[in-house]
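Residue-level structural notes
So you can see what is in the structure, the chains are spelled out below.
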Amino acid sequence: MEPQYTDLNTPCYFYDMDLLRETLGSISSHASPNGYKVHYALKANSNDRLLRTISQAGFGADCVSGNEIQKALETGFAPADIVFAGVGKADWEIDLALNHDIGFFNCESLPEIEVIAERAALKNKKTRIALRINPEIDAKTHYYITTGIEENKFGINREDLPRVLQTCRELDAVELKGLHVHIGSQITDMDVFKSLCIRVNELQEYFRREHIVIEHINVGGGLGINYEEPQDGPIPDFDSYFKTFREFLHLEPWQQLHFELGRAVTGQCGKLITRVLYVKDGIHTRFAVVDAGMTELIRPALYHAYHKITSPTSQRPEKKYDVVGPICESSDYFGKAIDLPELSRGDVLVIHTAGAYGEVMRSFYNLRDHLKFYYSDDMSRKHKI
Ligand code: LLP
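Here is what the cut-offs are and how they apply
Residues numbered from 1 in each chain as written. Predicted model: local features only at pLDDT ≥ 70, side-chain atom pairs only at ≥ 80, totals over all residues. Heavy atoms only, no water. Disulfide = S-S within 2.5 Å. Buried < 20%, exposed > 50% of the residue type's maximum accessible area, 1.4 Å probe, protein only. Domains from an automatic or database assignment. Buried area = accessible area lost by both parts, 1.4 Å probe. Salt bridge = Lys/Arg side-chain N within 4 Å of Asp/Glu carboxyl O. Polar contact = N/O pair within 3.5 Å; in protein donor to acceptor, adjacent residues only side chain to side chain. Helix = DSSP H or I, 4+ residues; strand = E, 2+ residues; numbered from the N terminus. Nonpolar A, V, L, I, M, F, W, Y, C, P; charged D, E, K, R; others polar. Arc of directions from axis to C-beta. Contact = heavy atoms within 4.5 Å. Pairing = 2+ DSSP bridges.

Following the criterion strictly, the structure yields 0 disulfides and no others. Of all cysteine sulfurs in the structure, the one in C107 sits closest to C168, which takes part in no disulfide; the separation is 7.5 Å. Since its relative accessible area comes to 8%, C168 is described here as buried.

Turning to the domain arrangement of the protein chain, a few remarks are in order. Split into domains, the protein chain comes out as domain 1 (17-267) and domain 2 (268-384). Computed over C-alpha atoms only, the centres of domain 1 and domain 2 are separated by 32 Å. Summed over both partners, the interface of domain 1 with domain 2 comes to about 2,300 Å²; 51% of that surface belongs to carbon and sulfur atoms. Per-residue buried area on domain 1 facing domain 2 is highest for R49, Y227 and G267; these three make up 25% of the total on that side. Where domain 1 meets domain 2, there are 3 salt bridges. Linking E229 and K308 is a salt bridge whose minimum nitrogen-to-oxygen distance equals 3.0 Å. Counting the contacts that link domain 1 with domain 2 gives 15 residue pairs in polar contact (both at pLDDT 80 or more). Only α1 (17-31), α2 (48-56) and α9 (263-266) provide two or more residues apiece to the side of domain 1 that touches domain 2. Looking at which element gives the most residues to the side of domain 1 that touches domain 2, the answer is α1, with 5 residues. Of the residues in the side of domain 1 that touches domain 2, the class split is 12 nonpolar, 10 polar and 7 charged.

Turning to helix α8 (residues 238-248), a few remarks are in order. Among the residues making up α8, those that are buried are F238, Y241, F242, T244 and F245. Buried residues along α8 cover an arc of 145° about the axis, so they all sit on one side. On its buried face, α8 is in contact with α1, β2 (37-41), α7 (190-209), β9 (256-259) and α9.

Another aspect to go through is the pairing of strand β1 (residues 12-15). The alternating pattern of β1 places C12 and F14 and Y13 and Y15 on opposite faces, both of which are buried. Relative to strand β16 (residues 372-375), β1 is paired through 4 bridges, and the arrangement is parallel. In the strand pairing of β16, F14 is matched with Y374. Looking at chain direction, β1 and strand β10 (residues 270-281) are connected through 4 bridges and run antiparallel.

Written out as structure tokens, the structure is:
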């Protein structure tokens, strides 16, 4: 049945909840038999409806702010299943996490560990921490979303480990129980994850020599998704992903492996829907000016990211367009020189694969209006996209 795109108020995000549930089911079916624990990275999308669906599916939460912790608690994640990462945890955020006895602090520096220990001691608490170690592995992805190489602000460098371990031994209020690494995002080459496994094995050797028992190993997130042809494979290849860790990471029976997937969970279930306001002929370029802008989806402007664009309302022969938004910035575009069926005012465009780092990165620049949201669960069959 033809979907009724014309009924939607644009610009809006549309979330396919069936696809989200299918994706969660696929992750669980590959992770659970191995005893792996997956924490969903809230930073990818912290929409309430999505979070409730994810918590109900038994996932944990990876948070990077006090407000994300608060949101995770409100949307049904168990405190023990929450991990708190980030280079700049403020005191109130640490206190909030301590008050709720969250699962783990993923710590990124020595001064941070000292502050966590100090604040835990004030509350007569002992809290579990994991060290985020910079594994110095190049994720071979976009420069802005590579995190595991040396000149990065993230993680503890290996040279600093002896000093950090010594401090952890001296501090009663923290229990060092975990090791955490994350090398970047949108990684589709499984060899990169294989290199990460090998590096984690080396790190484990180091901890063994230091007589530190690491019960939890958290390998971060980063699994990439298909932006080019989202319809071909809306569910990422979780089989190859988890298999890589099963094959190459040495795990003792008493150790638990954790993952922090964000993009791979929600990326494909979200679409940004927009309408053509004007078709404008430039000197060399034909512009389709649409009612969504970089304020609704900043990824093309910020990373030159590709998002597939289709028009469900025009079947006319194709022409080349630059699809641009109404924001007062030249970088406000969604696609350049792309082929689309001939467009006219009122045609609807679907910008695919916008479920991760879309809604959460929106802004109110130019005093933009509040966005609208539609969920497949609320729509009658004739409206489904
Ligand atoms: N864990 C840590 C420590 C992270 O820094 C991130 C993402 C994740 C997990 C989740 O990564 P994912 O599975 O989603 O790749 N705004 C950028 C992406 C920034 C990623 C930041 N860290 C984008 O739109 O591509």
